[in-house]
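Close look at the chain arrangement
Here are the chains, one letter per residue:
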Amino acid sequence: MSLATSTILDRPVEPDTDAPAIAALRESVALQKAAFRRDPYPDAARRSAHIQALAGMLLGNRERIRAAVAEDFGSHPAAFTDLLEILGPAGRAATALEFLEEWMSDSERPANRDLYGSARATMRYEPKGVVGNMAPWNFPFEIGCGPLVEMLAAGNRVIVKPSDLTPACGELLAELISATFDRDHVTVAVGGLDLAREFSRQPWDHLMYTGSPGVGRQIMRAAADHLVPVTLELGGKCPAVLTPSGVTPEAVESIIGTKLIKNGQMCITVDHVLVPRQRMTEFADLARSLVRSSMPDHSRSQDCVGMITGAHLERIEALLDEARRSGAEIVELEQDGAIDRRTRRMPLSLVLDPDPGLRICREEIFGPVLPVIPYDVLEDAVAGIDADDRPLAVYVFGDDPAQCEAVLRAVRSGGACVNACALQGALPSLGFGGSGTSGMGRHHGIDGFREFSNARGVVIRGGDDNIDILYPPYGEKVRAIVDQAFQA
Ligand code: NAD
């Protein structure tokens, strides 16, 4: 399966089950479009108030958000809900509030005085209008509300569509948003896949979709009917590349720790690891001793996140079973790890030197299985990444900065870290997004503000210019100026 067409799990769309939700969505879009026409340019003070209201909504509902996330995932650490789902978007809000006036200010551009005289050329960042945000199940509030910060900073009206796989979070978000914002400003559309498809067909002024590359293609096709600009935040197989000096306890802690965030259900998790062949066993030993010394009962603890549905759990089991049947060595990192079907928690396993034809080597894994792929020549291993679909992120480990930089230059990806994993997605100040099959467009910080703004180039004519040389008839004056330009 090509990554460009892949989904984590294909799900049938049942038509006509969402008729009331679809009618409500169309009405909300019409209401917001009309409100935008009436009031298209909220000033900085109003935008700040909107962002503060959103942050207050999240910070003030900690217990309910914790409970909804735990209900949808079967098991979810409360501290991690606080950290990512609440403090994450609240941190983005704080960044937006700090820099909003700077982001909103016109950007002056140079204009050649000989031709334009005293004219002023500026880029203005104006609201786009009515924006749709289709969120995935894995970070219901972080992705439901994080981009909303920058959409509001840019002065837009927004409709958020949570994933149908997180019903408790979706219902809570809808309730909280409707208590915080007017429906013609920000609202939430809750429903099944039929609603999701209808959402992608609306005449948005901008549409953001976060999810699999396979559905991303369908979203872009649907958006094309109205020429809607899209931000696509997709997935892929993010590798960690251990250069010869990179097999260290710190690197292993970073890779295993990141893989255990959401138990692998994170777009920028480490999908697989590339390791020098003679260091593969050392890597596995370091991973096993890390888990056994610092989190021996991880999969039975409250820190372990459940797979989002039973079907997602079965998919991960099937991937691991196929690898086992192929004869690949499976390293179970926990001593007595076992699957808990009630909470859908599953322990992390390494698969050493898997056959490239296995599903774990072809599909985005999105769960607690980590293929460890040995290489003989670093340049060849890295060239293999570049030849495949571009990942959302690449992580490089080693103590030789020139070698790490060479790996970064040899591959293309949406983001990257050196001697760390996933930090590029955590910083509210750093533009975040994919490349090629892992997506297009950026959110977070000023990059998100600009993504959701209409960048309008404006020239205000002054005096003392020679603009008239552009108009016919092209006589002596234009010839003299053009000849002079050629000689310069
Ligand atoms: P998902 O099934 O929740 O789908 C995402 C959104 O698309 C949801 O709102 C869902 O209702 C909607 N949807 C699903 N099928 C649809 C269809 N046929 N037509 C229209 N809409 C549809 O989530 P998922 O796709 O399983 O999410 C996992 C994927 O998302 C992984 O590939 C992961 O890497 C990627 N992801 C990317 C990012 C990022 O920032 N780049 C973040 C999180 C997840």
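Residues numbered from 1 in each chain as written. Predicted model: local features only at pLDDT ≥ 70, side-chain atom pairs only at ≥ 80, totals over all residues. Heavy atoms only, no water.

**Description of a nonpolar patch on the surface**
A cluster of nonpolar side chains, L59, L83 and L87, forms an exposed patch at the surface whose accessible area comes to about 290 Å². With respect to the element layout, L83 can be found in helix α4 (residues 78–104). (Patch = residues over 30% accessible without salt bridge, like charges linked within 9 Å, V, L, I, M, F, W, Y side chains within 5 Å. Areas by Shrake-Rupley, 256 points an atom, 1.4 Å probe, with all protein chains shown as cover. Salt bridge = Lys/Arg side-chain N within 4 Å of Asp/Glu carboxyl O. Helix = DSSP H or I, 4+ residues; strand = E, 2+ residues; numbered from the N terminus.)

**A short note on the sheet that holds strand β1 (residues 107–109)**
As summarised here, the arrangement of the three strands in space is β1-β2-β16, forming an open sheet in which the pairing is antiparallel. A strand with exactly one partner marks an edge of an open sheet, and here the two such strands are β1 and β16 (453–460). Averaged over all neighbouring strand pairs, the angle between strand axes comes to 30 degrees, with direction disregarded. Strand direction decides the pairing type here: β1 and strand β2 (residues 120–127), joined by three bridges, are antiparallel. (Pairing = 2+ DSSP bridges. Axes fitted to C-alpha atoms, helices over the stretch in contact; angles between N-to-C directions.)

**Things to note about empty space enclosed by the protein**
Here the idea is plain: a probe the size of a water molecule rolls over the atoms and shows the empty space left. Counting across every chain of the model gives two cavities of 30 Å³ or more. Computed from the structure, the largest cavity encloses a volume of approximately 40 Å³. Looking at the largest cavity, the residues that line it are L260, V291, H298, L333, E334, P347 and L348. A per-class count over the lining of the largest cavity returns five nonpolar, one polar and one charged. Computed from the structure, the second largest cavity encloses a volume of approximately 30 Å³. Lining the second largest cavity, in full, are I8, W137, Q265, M307, H312, R315, I316 and F366. Across the lining of the second largest cavity, the residue classes break down as five nonpolar, two polar and one charged. (1 Å grid on protein atoms, 1.4 Å probe; cavity = no way out; pocket = protein on both sides within 12 Å on 5 of 7 lines; lining within 4 Å. Points joined across faces, edges and corners; volume = space filled by probe spheres on them. Nonpolar A, V, L, I, M, F, W, Y, C, P; charged D, E, K, R; others polar.)

**Structural notes on the site of the ligand**
Near the ligand, the surroundings consist of 30 residues, among which R11, A135, S163, L234 and E364 are the closest. At 3.2 Å from an oxygen atom of the ligand is found a main-chain nitrogen or oxygen belonging to G211. At 2.7 Å from a nitrogen atom of the ligand is found a main-chain nitrogen or oxygen belonging to L234. Coverage of the ligand by the protein amounts to 95% of the 850 Å² it exposes when considered alone. Residues of the shell around the ligand, tallied by class, amount to 17 nonpolar, seven polar and six charged. Here the shell around the ligand spans two domains, and each of domain 1 (19–235 + 440–455) and domain 2 (239–428) adds at least three residues to it. (Near = heavy atom within 4 Å. Polar contact = N/O pair within 3.5 Å; in protein donor to acceptor, adjacent residues only side chain to side chain. Domains from an automatic or database assignment.)

**Digging into the side chain of K33**
Mapped onto the secondary structure, K33 falls in helix α1 (residues 19–38). In this structure the side chain of K33 is engaged in a polar contact, spanning 2.6 Å, whose partner is the backbone oxygen of P203. There is a polar contact of 3.4 Å between the side chain of K33 and the side chain of D205.

Shape is all these values report; function is a separate question.
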